[in-house]
Amino acid sequence: MAKKSTTREIAFGFAMIILTGTILLTLPISVKSGSGNFFEALFTATSATCVTGLVVADTYQNWTVFGQLVILGMIQVGGLGFMTIGAYISVLLKKRIGLQEREQLQESVNTLEIAGVVRLVKKIVQGALCIELLGAVLLAFRFIPEFGIGNGIYFAVFHAISAFCNAGFDLMGYQGEYVSFVSAADHPLINIPIMTLIILGGLGFIVWVDVWKQKFRFRKFQFHTKLVLSTTAVLVVGGAAVFYLLERDASMAGFSTDGKIYASFFASVTARTAGFNTVDTALMSEGGKLFNIMLMFIGGSPGSTAGGIKTTSIAVLFFYMAAYLRGRHGAEVFGRRISDDTVRKAVTVFVLNLFLALGAVLIINGVEKLPMLDLMFEAFSAIGTVGMTTGLTRDLGTVGRLLIMMLMFLGRVGSMSFAFSFYERKPVPKVQLPEVEVPVG
């Protein structure tokens, strides 16, 4: 019951943050011209709080510095989790954190043990701030020469937080609407810091602590850490190779060899689930878009700032499938056997998110008659809290925007956790119905 109520509280908390952000973004002080449009503000607040990055108005051209700071605040709270930040403030104020609050924190940071959860929260917040600061320092070398010290630092801090939180919001609109980092496709001072921040944010807080504790000795890492790091490495390197093959003569045509390599790695990293882009997504080949959808669906790792079904889910399904095809009972990885309950959870997350995204695609296509592949790109970007788009977001009508907001919200809260919050998990009964074999495959 505690987990059930905690999930509801997390969902309610995110909803309140979205509502507060919406109200602030409708104020005249937030908009560069006139008063804010409510639905435009609601969509932006939902995207920022759910660290997605889909926008219906360019962040730089539409919002004032105040509005941008409101968006940045929602990104930070949405990325780290409001319960995590609230608990850290309580620790600073030396307030006592009770058992119920510790259980809520355990659910919020997605750790298996309640012991030491408060210490973990302190490490999460302090580690996140240090990484964002270091990222901002590196990005400042790119932005200060162009904007001067004040604006250069502001741009560096904004993009460092947005990248680490896998949010995908940018201020590059001074070069033109919705351009993201296309002009910096081969710029190392943009590519390397941004990709590093995205990867670190997407690995998960538990992984950081384990890596730091074990002094980077892979053999001593927890099973979860080994699985996350291995899967992430395969997806980043393998994804870059696939993007290079598919896009070198399409969206990357005209790039130098270095530019194509940078762009391939950037596309592989940002698709899980950051939302920035250094190539024009609308110019991607159909194969590139489809592969991008696959990476967006996978997303980052549990307990991170990223969304998606998570790297561990896809790894569990892959290893279980491989074991089954080889006639083995259960999946064995790194000297351990993955539990059947974990496999069932991975299957449930996979199928539920797939059905939600495809269901939204069919409804929007039926109502608004938009291109199917671009709609799939948009829907999977939303439920994976990625924020990449082929340019379709601005063309969506009321139904389309409402469904995309719903997908972003479920992607951040967790579709399976949200569904479970309405149903009580019953224990396995001692007496069960007879089993039956069903032909499949």
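Reading guide: rules and limits
Residues numbered from 1 in each chain as written. Predicted model: local features only at pLDDT ≥ 70, side-chain atom pairs only at ≥ 80, totals over all residues. Heavy atoms only, no water. Helix = DSSP H or I, 4+ residues; strand = E, 2+ residues; numbered from the N terminus. Buried < 20%, exposed > 50% of the residue type's maximum accessible area, 1.4 Å probe, protein only. Areas by Shrake-Rupley, 256 points an atom, 1.4 Å probe, with all protein chains shown as cover. Arc of directions from axis to C-beta. Core = buried A, V, L, I, M, F, W, Y, C linked by side-chain atoms within 4.5 Å. Contact = heavy atoms within 4.5 Å. Phe/Tyr/Trp six-rings, centres within 6.5 Å; stacked < 30°, edge-to-face > 60°. Lys NZ or Arg CZ within 6 Å of the ring centre and 35° of its normal. Patch = residues over 30% accessible without salt bridge, like charges linked within 9 Å, V, L, I, M, F, W, Y side chains within 5 Å. Salt bridge = Lys/Arg side-chain N within 4 Å of Asp/Glu carboxyl O. Axes fitted to C-alpha atoms, helices over the stretch in contact; angles between N-to-C directions. Parallel < 35°, antiparallel > 145°, perpendicular 65-115°, else oblique. Left-handed = near helix turned anticlockwise from the far one by under 90°. Nonpolar A, V, L, I, M, F, W, Y, C, P; charged D, E, K, R; others polar. Lys, Arg positive; Asp, Glu negative; His and termini not counted. Expected span 1.5 Å × (residues − 1).

(A) Molecular detail of the overall build of the protein. A count of helical and extended segments in the protein gives 18 helices and two strands. Here the protein holds 441 residues, and the buried ones make up 52% of them. Taken as a whole, the protein presents about 20,900 Å² of accessible surface, with 64% of it coming from carbon and sulfur.

(B) Structural context of helix 5 (residues 82–92). Taken together, the buried positions of helix 5 are M83, T84, A87 and Y88. Seen from one end, helix 5 has its buried residues packed into an arc of 135°, which puts them on one side. Once helix 5 ends, the next one or two residues include K94, with phi positive near 60°.

(C) Quick look at the nonpolar core. Grouped together as the largest cluster of nonpolar side chains are 104 residues, with contacts concentrated most on I75, I194 and I404. Setting aside anything within four residues of it in sequence, one finds I75 in contact with A48, V51, I161, S162, C165, A167 and F169. Counting ten residues, the second-largest nonpolar core is a separate cluster that includes L227, A315, V333 and A346.

(D) Structural view of the packing of aromatic side chains. Per the stated rule, a full pass over the model turns up 20 aromatic pairs. With a centroid separation of 5.3 Å and 65° between ring planes, the pair formed by F181 and F276 is classed as edge-to-face. In this pair, F181 is assigned in the loop between helix 8 (149–164) and helix 9 (188–203) and F276 in the loop between helix 12 (257–270) and helix 13 (286–298), connecting sequence segments 95 residues apart. Geometrically, the ring pair formed by F297 and F380 is edge-to-face, given 5.5 Å between the ring centres and 75° between the ring planes. In this pair, F297 sits in helix 13 while F380 sits in helix 16 (residues 372–383), placing the two residues 83 residues apart along the sequence. Of the two residues, F297 and F380, neither departs from the other in class, the shared state being buried. Counting every residue linked through ring pairs, the aromatic cluster contains Y60, F143, F147, Y154, F155, F158 and Y174. Sitting above the plane of the Y60 ring, K32 keeps its charged end 4.2 Å from the centroid. Lying over the aromatic face of W212, K215 brings its terminal NZ or CZ to 5.5 Å of the ring centre.

(E) How the structure looks around a nonpolar patch on the surface. Taken together, the side chains of L133, L134, V137, L138, F141 and L189 make up a nonpolar region of the molecular surface, amounting to roughly 570 Å² of accessible area. Sorting elements by how many residues they give to the nonpolar patch places helix 7 (residues 117–147) first, with five residues. On the secondary structure map, L133 appears in helix 7.

(F) Structural detail: the packing of helix 13 against helix 16. Taken N-terminus to C-terminus, the directions of helix 13 and helix 16 make an angle of 20°; their axes are 9 Å apart at the nearest point. Regarding the angle of helix 13 to helix 16, the classification is roughly parallel. Relative to helix 16, helix 13 is oriented so that their crossing is left-handed. Here E286, K289, N292, I293, M296 and F297 of helix 13 come into contact with helix 16, specifically with L373, D374, M376, F377, F380 and S381. Residues belonging to the contact of helix 13 with helix 16 are distributed by class as follows: seven nonpolar, two polar and three charged.

(G) Representation of the side chain of K260. Among the secondary structure elements, K260 is positioned in helix 12. Notably, K260 is buried but unbridged: the nearest opposite-charge side chain belongs to D249, and the N-O separation is 4.4 Å. The contacts of K260, once residues within four sequence positions are left out, are Y244, R248, D249, M252 and F255.

(H) View of the packing of helix 7 against helix 9. At their nearest, the axes of helix 7 and helix 9 sit 9 Å apart, and the two run at 165° to each other. Judged by the inter-axis angle, helix 7 sits roughly antiparallel to helix 9. Regarding helix 7 and helix 9, the two cross each other, and that crossing is left-handed. Contacts between helix 7 and helix 9 involve I131, G135, L138, L139, F141, R142 and F143 on the former and, on the latter, L189, I190, P193, I194, L197 and L200. Residues belonging to the contact of helix 7 with helix 9 are distributed by class as follows: eleven nonpolar, one polar and one charged.

(I) Main features of the environment of M388. Mapped onto the fold, M388 is located in the loop between helix 16 and helix 17 (398–413). A relative accessible area of 3% means that M388 is categorised as buried. Once the C-alpha coordinates of M388 and T270 are considered, the two residues, 118 residues apart in sequence, prove to be 8.6 Å apart. Setting aside residues no more than four positions away along its own chain, M388 makes contact with L54, T270, A271, G275, F276, N277, T281, N292, M296, F377 and S381.

(J) Looking closely at the environment of T312. Mapped onto the fold, T312 is located in helix 14 (residues 311–325). Remark: the alpha-carbon pair of T312 and H224, spanning 88 residues in sequence, is separated by 8.0 Å.

(K) Expanded view of helix 17. For helix 17, with 16 residues, the first-to-last C-alpha span of 23 Å sits near the 22 Å given by 1.5 Å per residue. Of all the residues in helix 17, the buried ones are G400, L403, I404, M405, L407, M408, F409, L410, G411, R412 and V413. The first or second residue beyond helix 17 is G414, which carries a positive phi of 110°.

(L) Inspection of the pattern of salt bridges at higher detail. Counted according to the given criterion, the structure contains six salt bridges. The residue R344 makes a salt bridge to D341 at a minimum N-O spacing of 3.7 Å. Taken together, the positions of R344 and D341, both in helix 15 (residues 340–368) and three residues apart, correspond to about one turn of that helix. Relative accessible area serves as the criterion here: at 52%, R344 is assigned to the exposed category. Between D341 and K345 there is a salt bridge whose closest N-O contact spans 3.7 Å. You can see D341 and its partner K345 sitting in helix 15, four residues apart, about one turn around the helix. Given the relative accessible area of 35%, D341 is considered partly exposed.

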